[in-house]
Each structure stands twice: as C-alpha cells, then as structure tokens.
Amino acid sequence: MAGMLKAIRNGLNDRRGSVRDSDQRSAREEAFARGQQALSLVREFEEMGSGWFWQTDRAGRLTYLTAKVASEIRDSASIDPLGQVLTDIFQIDSDSPDTERTLVFHMSSRTSFAEYSIRLASGDEDRWWSISGKPLIDPLGHFQGFVGHGSDLTAKRRSEAEITKLAMFDGLTGLANRQRMRLSLDQTLAQGRASYRSTAMFLLDLDRFKAVNDTLGHQTGDLLLQQVAQRLQRAVGEMGLVGRLGGDEFQVVIPNGRHRDDLSTLSRTIIDALSQPYFLSGSSISIGCSIGIAVAPDDGEISEILIRNADLALYVAKADGRGVHRFYKPEMLAGAQVRKRLEDDLRLALTQNQLHLVYQPVVSIRTQRIVGHEALIRWDHPVHGPISPSDFVPIAEESGLIESIGEWVLRTACAEAATWPDDVRVAVNVSPIQFVNPALPSIVTNALARSGLSPDRLELEITEGVFLTDDSSSEAMFKALKGVGVRLALDDFGTGYSSLGYLRHAPFDKIKIDQSFVKGAAVPGNRNAAIIKAIVTLADTLGMETTAEGVEIQDEIELIRDLGCTHIQGYVYGKPRKFDEVMAHLNAHNGIAQPEGYRISRPPRVKMLRRAMLKVGDQTGEVRIRNMSTAGALIDGIEFPESAVGMPVRIELIEGQMFAASVRWSRGALAGIGFDQPFNLDRLAPQQQSRILKRG
C-alpha cells in the first residue's frame, strides 16, 4: 500500500512537472513573439516615421543609432557615428536657453534629459533634430550607458523660420517690417545707453508716390516700392538697418554714434538716390524723398520719444518744400503742440460762430463790372485774434475738419450770395478731400435749395490736386456736379500736377491763372506775360474763360487785357470785404470796379541803410540809401525843391563809380530816383556792405 501510494504520488508529481514545463515554454514563446512584434514595430517606425533611437555605452559612445540617421550623418559629415562620443557628433542649438555644457552635464552626471534641439557639430547646418535620453541601469543597479530617442525637426524649424520671416519682414520689399524695426531700435538704444553711444533714426516719406499709385495703378506702385527699397538698402549699406513701416514710409536705424555731418551726408545720398528716374511699365517715373532725423539720447532716450521727434522733423522737411532732410529741434515739438491747440480750438470755432466769410471781387475786363466774388474763410480767434487761413486750413485738412468746414462755407456763401444782384456769382473753393466725397453733389444741391440761389450763380473752384485720384471716379464726380447745374473753375492753374490731358475731359468753364505768373508780368524782361498768353490761347481754344489772380498793380490791368484774359481778381480792386460791405461796394459805383493801389509795376526792392555820394550839378553831398532796386532807389538826407522832378543827378552806387539817374519825386528829406540804366544788384560787392550804417 505504501509502495502504491508512493507510486501514485510520483506519477502525480511527474504530471505536474510536465505541465509546468509546458507553461514555461508557452510563456517564453509568447514573450518571444511579443518581442518580435515590438521589434518589427520599432523597425517599421524607424523606417517610415520621423523618429529614431540611439544607445551609448558607459563612455558615451554610440553603440546603436537608427540606420537612416546614421546614413544621413555619414553622407553629410563623412563620419561613421557608431563608436563616436554622442556629444562629439551632435551639438545643442546655441540660440536655445540650454547650452552644449548642459548635454555634457547630463551625460557625465547620468541624469535624464528631454527634447533638446540639436544639429550636427559639422556638416549640414540646416538639419535639426530633437533628442531625449535617460541612463540605462542593469538589474544589479549598474550604469550601462544611455538610451533614448529622437525626431526630425528640420521641417518644423523651416516652418518656424518662415513664420518668423513673415512676422519680422515686409512681404513686398523683403526689408525689416515695423515690428522688427521697433525691436531693433529698442535693443540699439539699450546698447547705446550702456556704451554712451548715440543712435540716429531716419523717417522717410516718398514725395509724389500717391500720384504714381493712383495714376499708374497699385501694381506699378508696388514695383516702384521694391526698387526704392533696393536703392535705399544700397545707399545705407552696412551703416544701419533699413525697414518699411507700410505704404511709402521707410525707417533707418543708425547705431554707433555717427556725427551729424555724416548723417547729413547720408541723407543727401539717400535723397539723391531715390530721386533718380525709375523705368517701370514703359514709363519714366520721378519721385522724391523727405527725411526727418532724431538722434538719441539728445532727442529722446526711449523709442516712443525718438520716433515722435523724427516724425516731427519729417513734418518740417515736407513743409519746407520736400526733397530735404531736417534734424529734430525742440521748437518743432512746440510747433506741434501749437497745431494741436489750434485743431482743438478750430473744432470749437465751428460751433461758436468764430468763422466768417469775406468776398474778393471778380471783375470783367471787357465791362469793368463786378461779375462775381470769391468766398474766402476767416477765423477770429477769441484769444489770438485773426488766424491766417494758411495756418488753419492745412490743420483742417490733416485733422479731417475740412469737410465740415467746407460744407459750412458752401451753405453760408450760397445763403449770402442769394441776396446779391442776379448777375453776380459766388465762387467757393472745394478741396481735393471734399471732391472725393461721393456725397458732394447732394451737399451742393442741398445748399442751393436752402438758399434759393440759382445753380448757375455758384462756381466751384477745384485745384489740380483732384486729378491725383482715379480717373473714372473724377469723371463721375464732374458729371454729377455739372448735372446739378453749377459752374466749374480750375484754380491755381500751372502750380500743381499740370497736365493738358485732363483738360480734354474735365468740363471746366474757367481757368484761373495763378498769381505767381501774374506778379511781375508787367516788368520788362519778365517771361510771365508769355506764359499767361499761352494759357489764354489754350483756354480760348477749349471754350473756357480765364481769370488772372493776384493782380495788384494798375498797369497790370492793361497788360492782362492785352493778353486776352476775360476776368481779373486781386487787391488792385480792393481787399476782400465782409458780407455787409459787399452790397454797399456794389452800389457805390453802380457795380463798376474802381482800381486802387500802385499805378506802375516796379522791380523788387532791397531794404538797406548805407551812405552814398550824390552829385547834383556841380554840388556833391552825402545821402543815405534806404532801399534800392534795379531801376532806382529811395534816398534821404537832401531836400529837393518841387521843381526838381526830372532833374538829372549822379549817385555813387559802387565806391569810386558814379551812375546817372534822375529825380522821380521828392517829399521833405525823402526822394525817389530812377537810374538811367538798370543796375545789377549783384555788383554790390561784400566790401561795399562795410558802408552800411549800423542802427543805434
């Protein structure tokens, strides 16, 4: 029995042993299968994905590296990475907060690291990876090396670089954009404060660019901006950073404490380079450039102040005629503050009845009758008194007030002109800003309806600036205004963007010849008369009237008549009058204009106070010259009798040289003399100036 039980127990034990062996064998097979599956997935991942694996020995030498990465390293760096120290093959991104020492530190201290940006220490610098790793410890706790994984960052880095470029560079010109220029300026100013060096900032604005953009199209405008950027980059070179802020505004930051003379030289170089003709779309295009300059730390130690002051300097450069550069001066800020106060006061002036109109007569040359008046705006400031339109109208245009002021002028002029005789018109100026407002015809119609003024008694004066806008919109506006029934006059002809082309289409009733051509036209040798004659001939051919503006001297009336103008306007018929004086002036002479002021045109006079010898007959004495022109002089220090008019005299204009003249008039100790021959004022050499008297 005992033997039987023993046998049974042995049999049971043998059966259990065989079951255990079978289970272990199955477990091993299952584990092997899982391992093979995992290995297959890893290989698949290495071959198909962007990830890869690596392993080092205790010394940091690579013992395993995914085949495709190893192949790339062999091709790029001509080295087999296996067996090489990991930190000799790869280096960390120097722009990253971490450094190469950090990777060495982790390898030597046997600590984990994650997602470090790395590239090859030599070879293709445009290839980037992300790498992570941890120490490999065996079951006994012994360090065996590092194991880790990586992924390809190249596409991501390129994408980030493109995004950075879009964020920091101008898409049209490739120059730095506003954001990058601001960052660069902040950094440059900070470095300048630390090193006590100055930093200059240029703000540039292209002159006449809008005319190109509007007349030739935005595509041509973009091509022009690209060429401007190239020229500007070449002109500045390595001296500074060039950027485009937007539109036709550019900026240059100049570090390293350049002297102001050097900055002036660079400014002139830039202006000259940008002012040379451009050849685009079959056209030769000429533009200009104005520059405002502010220099830190004198003109501001932070970006906001420096930019503001450079902008103020640019404003002055443009006001001084464009095509020039100006350095910031403290008084520019004071001027800007005055303009801002004027703007604020101007807003109140509209609501507090501080504005009023005056009217300058327009006279028919044929009948000498007053046939119209031009409405001119005036502002009586409650504190500063009369403010010149040349001071507040530009402010109104810049601030957007010109439209509301212009509408007030139109309504007021129509209402006041409605009380005049039916044959007297009123002319109202329309700014280019008002002209592009689609509501202008409705505004004009409303003003006429409210006043009861006949449309043909209203004349809208429009400057050549309106032709800088799109032709189709200008033509539509002209058509709409003529549909209302008003007259149209081209104001200040010859001073703006003159082009005979627009005269073929614009339905003007009148051309107004600018006073710059009228002034001095009666002086012998002046070419203005020929220019006026040419304009009159053109207007006659096109069936238009002509008005000569700014006539001040009575002998110019006859000249203007001989040249064929149909109307005259200017101080020769009196200064502009207030509304309540207009009717009295019309009634005074039954509407006939009466000339006033000087009778004879005379050349410009130079004021002075200098001694000269005057010879009358056989007598010689000393006199003082108070002013002089090429034709004569005003003298004092001698009393001529009333009968002396026409008396010949000789006067010493140049030391040792006497010039023949005659007495034109005398009054007490003052007398006017006329030279027998025109005198060239340039002959008054500097040494002659030593004889100019000093006022006590």
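Thresholds, definitions, all that
Residues numbered from 1 in each chain as written. Predicted model: local features only at pLDDT ≥ 70, side-chain atom pairs only at ≥ 80, totals over all residues. Heavy atoms only, no water. Pairing = 2+ DSSP bridges. Helix = DSSP H or I, 4+ residues; strand = E, 2+ residues; numbered from the N terminus. Axes fitted to C-alpha atoms, helices over the stretch in contact; angles between N-to-C directions. Contact = heavy atoms within 4.5 Å. Salt bridge = Lys/Arg side-chain N within 4 Å of Asp/Glu carboxyl O. Buried < 20%, exposed > 50% of the residue type's maximum accessible area, 1.4 Å probe, protein only. Parallel < 35°, antiparallel > 145°, perpendicular 65-115°, else oblique. Left-handed = near helix turned anticlockwise from the far one by under 90°. Nonpolar A, V, L, I, M, F, W, Y, C, P; charged D, E, K, R; others polar. pLDDT = per-residue confidence, 0-100. Phe/Tyr/Trp six-rings, centres within 6.5 Å; stacked < 30°, edge-to-face > 60°.

## Observations regarding the sheet that holds strand E13 (residues 325-327)
An order of E8-E9-E7-E12-E13 is seen for the 5 strands of this open sheet, with the pairing classed as mixed. Among the strands making up the open sheet, the edge pair consists of strand E8 (241-246) and E13. Neighbouring strand axes in the sheet, compared pairwise and without regard to direction, differ in orientation by 20° on average. Packing of helix H6 (residues 178-195) onto the sheet brings it into contact with strand E7 (199-207), E8, strand E9 (249-254) and strand E12 (288-296), and relative to E8 it is tilted by some 135°. In this fold helix H9 (residues 260-275) packs onto E7, E9, E12 and E13, with an angle of close to 160° to the strand it touches most, E12.

## Description of the pattern of salt bridges
With the rule as written, the count across this model stands at 24 salt bridges. Between Arg322 and Asp207 there is a salt bridge, with its nearest N and O atoms 3.3 Å apart. You can see Arg322 sitting in the loop between helix H10 (303-319) and E13 and its partner Asp207 sitting in strand E7, a full 115 residues away along the chain. As a salt-bridge pair, Asp636 and Arg626 come within 2.6 Å of each other at their nearest N and O atoms. With Asp636 in strand E26 (residues 632-636) and Arg626 in strand E25 (residues 619-628), this residue pair connects regions lying 10 residues apart in the sequence. Residue class for Asp636 comes out buried when judged on its relative accessible area of 5%. Judged by relative accessible area, Arg626 falls into the partly exposed class, the value being 32%. Look at the salt bridges and you will find they share partners, linking Glu374, Glu461, Lys512 and Glu549 into a network.

## Quick look at the sheet that holds strand E2 (residues 62-65)
What the 6 strands build is an open sheet, ordered E2-E1-E6-E5-E4-E3; its pairing is antiparallel. Of all strands in the sheet, those with a lone pairing partner are E2 and strand E3 (90-92), marking the two edges. Across the sheet, the mean angle separating the axes of adjacent strands is 35° when strand polarity is ignored. Two elements, E3 and strand E4 (residues 113-120), share 3 bridges in a ladder whose sense is antiparallel. Directly across from Ile92, in E4, lies its bridge partner Ile118. Those strands touched by helix H2 (residues 67-77) are strand E1 (51-56), E2, E3, E4 and strand E5 (128-137), and its axis lies near 110° from that of E2.

## Brief notes about the packing of helix H8 (residues 218-236) against H9
The geometry of H8 relative to H9 is characterised by a closest axis approach of 9 Å and an angle of 150° between their N-to-C directions. Classed by the angle they form, the pair H8 and H9 counts as roughly antiparallel. Crossing hand, H8 versus H9: right-handed. Along its contact with H8, which presents Val228, Arg231, Leu232, Ala235 and Val236, the element H9 presents Leu266, Thr269, Ile270, Ala273 and Leu274. When its residues are assigned to classes, the contact of H8 with H9 shows 8 nonpolar, 1 polar and 1 charged.

## Thoughts on the confidence of the model for the protein
For residues with low pLDDT, the predicted coordinates do not support detailed interpretation. Counting all residues, the mean pLDDT for the protein is 84, and 85% of those residues have values of 70 or more. Contacts from residues 1-5, a stretch scored under 50 in pLDDT, to residues over four places away or in other chains number 0 contacts. In the predicted structure, residues 686-696 sits below a pLDDT of 50 and forms 17 contacts with residues beyond four places in sequence or in another chain.

## Quick notes on the packing of aromatic side chains
Scanning all chains against the criterion turns up 13 aromatic pairs. Ring geometry for Phe143 versus Phe146: centroids 5.9 Å apart, planes at 75°, classification edge-to-face. The burial state of Phe143 is the same as that of Phe146; both residues are buried. Here Tyr359 and Trp420 contribute two aromatic rings whose centre-to-centre distance is 5.0 Å and whose plane-to-plane angle is 85°, an arrangement assigned as edge-to-face. Within this pair, whereas Tyr359 is found in strand E14 (residues 355-364), its partner Trp420 is found in the loop between helix H13 (402-417) and strand E17 (425-430), the two being separated by 61 residues in sequence.

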